[in-house]
Amino acid sequence: MSSIYGDYIKSVIRTVPDWPQPGVNFRDITPVLQNSSAFRKLIDSFVHRYQDMHLDAIAAVDARGFIIGAPVAYELGCSFVPVRKKGKLPFKTISETYTLEYGEASVELHSDAFRTGDRILLIDDLIATGGTMLAAAKLIQRSGGQVVETATIIDLPELGGSQKIRDAGHGVFAVCSFSEND
């Protein structure tokens, strides 16, 4: 599923070929953030989708997820909870490790971030292989929260992440998607 503004947002996203390595087309969201109309439409895409879902919190993944998650939480009148890279949170945390192409990484959440049964929207900027989003979803569930849906600006479906997230039982909302040929 995508947003009514999906084609417009997609047209504003910049593709940087061969970055950070040859053969990779990097999808750069900074032009969306720099364009006030595009940024408003982006945030509205999430707000309009979730305004009647009675969410308790927005959990956003470090760091670009914060850019979207905070204004969406504000507009929806719910709390904002950061899901951080390991070692960045000052209080007692729980962590989840996931596999990268070359190694592993971990994300953390404060152990008191959610109450049992809290309805949580999980947001990040992009779904590629799905590892970060799945690790964050596991953290939310371990802390007692219920992941209502996962949401992102960009889905790269050819990399399989959104399907892995669906296979794990979570809905996926993307404002737009890119194929390798886009």
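Residues numbered from 1 in each chain as written. Predicted model: local features only at pLDDT ≥ 70, side-chain atom pairs only at ≥ 80, totals over all residues. Heavy atoms only, no water.

1. Details of the overall build of the chain
Quick note on the threshold: Elements are defined by DSSP. Helices are runs of H or I of four residues or more, strands are runs of E of two residues or more, and each kind is numbered from the N terminus. With C-alpha atoms as the basis for the radius of gyration, the globule rule is written as 2.2 Å multiplied by the number of residues raised to the power 0.38. Residue burial is assigned from relative accessible area. The probe radius is 1.4 Å, only protein chains are included, and a residue is buried under 20% of its type maximum, exposed over 50%, and partly exposed in between. Two residues qualify as a contact provided that any one of their heavy atoms is within 4.5 Å of a heavy atom in the partner residue. The method behind every accessible area is Shrake-Rupley, applied with a 1.4 Å probe, and residues are considered shielded solely by the protein chains displayed. In this tally, Lys and Arg are treated as positive and Asp and Glu as negative; His is ignored, and so are the chain termini. For the purpose of locating charges, the reference atoms are NZ of Lys, CZ of Arg, CG of Asp and CD of Glu.
On a plain count of helices and strands, the chain comes out with 6 helices and 9 strands. At 16 Å, the chain has a C-alpha radius of gyration in line with the 16 Å of a compact globule built from 182 residues. With the principal axes as the frame, the chain shows a C-alpha extent of 40 × 40 × 30 Å. Relative to its 182 residues, the chain shows a buried fraction of 45%. For the chain, contacts bridging at least 24 residues in sequence account for 59% of all contacts bridging at least 6. Summed over its atoms, the accessible surface of the chain is roughly 9,300 Å², and 49% of this surface lies on carbon and sulfur atoms. Both charge centroids of the chain, one from 18 positive and one from 22 negative side chains, sit 4 Å from each other.

2. Some words on the packing of aromatic side chains
This is how the line gets drawn: Within 6.5 Å between ring centres, the rings of Phe, Tyr and Trp (the latter by its six-membered ring) count as paired, and their orientation is classed by plane angle as stacked under 30 degrees, edge-to-face over 60, tilted in between. We call a charge positioned above a ring when the Lys NZ or Arg CZ atom is no farther than 6 Å from the ring centre and deviates by at most 35 degrees from the ring normal.
Tallying each qualifying case throughout the model produces 4 aromatic pairs. Ring centres of Trp19 and Phe26 lie 4.9 Å apart, and the angle between their planes is 80°; this geometry places the pair in the edge-to-face category. Residue Phe26 is classed as partly exposed on the basis of its relative accessible area, which comes to 25%. Ring geometry for Tyr50 against Phe173: centres 6.1 Å apart, planes inclined by 90°, an arrangement best described as edge-to-face. Highlighted residues: Tyr50 in helix 3 (residues 36-50) and Phe173 in strand 9 (residues 172-177), separated in sequence by 123 residues. Taken together, Phe46, Tyr50 and Phe173 form an aromatic cluster joined through their ring pairs. Directly above the aromatic system of Phe178 lies the positively charged group of Lys10, at a separation of 5.0 Å from the ring centroid. Note that Lys41 overlies the ring of Tyr8, its terminal NZ or CZ placed 5.4 Å from the centroid.

3. What to know about the sheet that holds strand 6 (residues 103-110)
Counted only if it meets this: Two strands pair if DSSP finds at least two bridges between them. Fitting a line to C-alpha atoms yields each axis, with helices limited to the stretch in contact; the angle taken between N-to-C directions then spans 0 to 180 degrees.
Taken in spatial order, the 7 strands make up an open sheet running 5-6-4-3-7-8-9, and their pairing is mixed. Of all the strands in the sheet, the pair left with one neighbour each is strand 5 (93-100) and strand 9. Each adjacent strand pair in this sheet contributes to an overall mean axis angle of 20°, direction not counted. As judged from the 8 bridges shared by strand 7 (residues 119-127) and strand 8 (residues 146-155), these two strands associate in the parallel manner. Looking at the pairing, Ile120 lines up with Val147 of strand 8. Strands in contact with helix 3 are strand 7, strand 8 and strand 9; relative to strand 8, the strand with the most contacts, it is inclined by about 155°. On the sheet, helix 4 (residues 64-76) packs against strand 3 (57-61), strand 4 (79-85), strand 7 and strand 8 and is oriented at approximately 170° with respect to strand 3.

4. Brief notes about the environment of Ile43
As for its position among the elements, Ile43 is in helix 3. Since its relative accessible area comes to 6%, Ile43 is described here as buried. Along the chain, Ile43 and Ile153 lie 110 residues apart, while their C-alpha atoms are 9.6 Å from each other.

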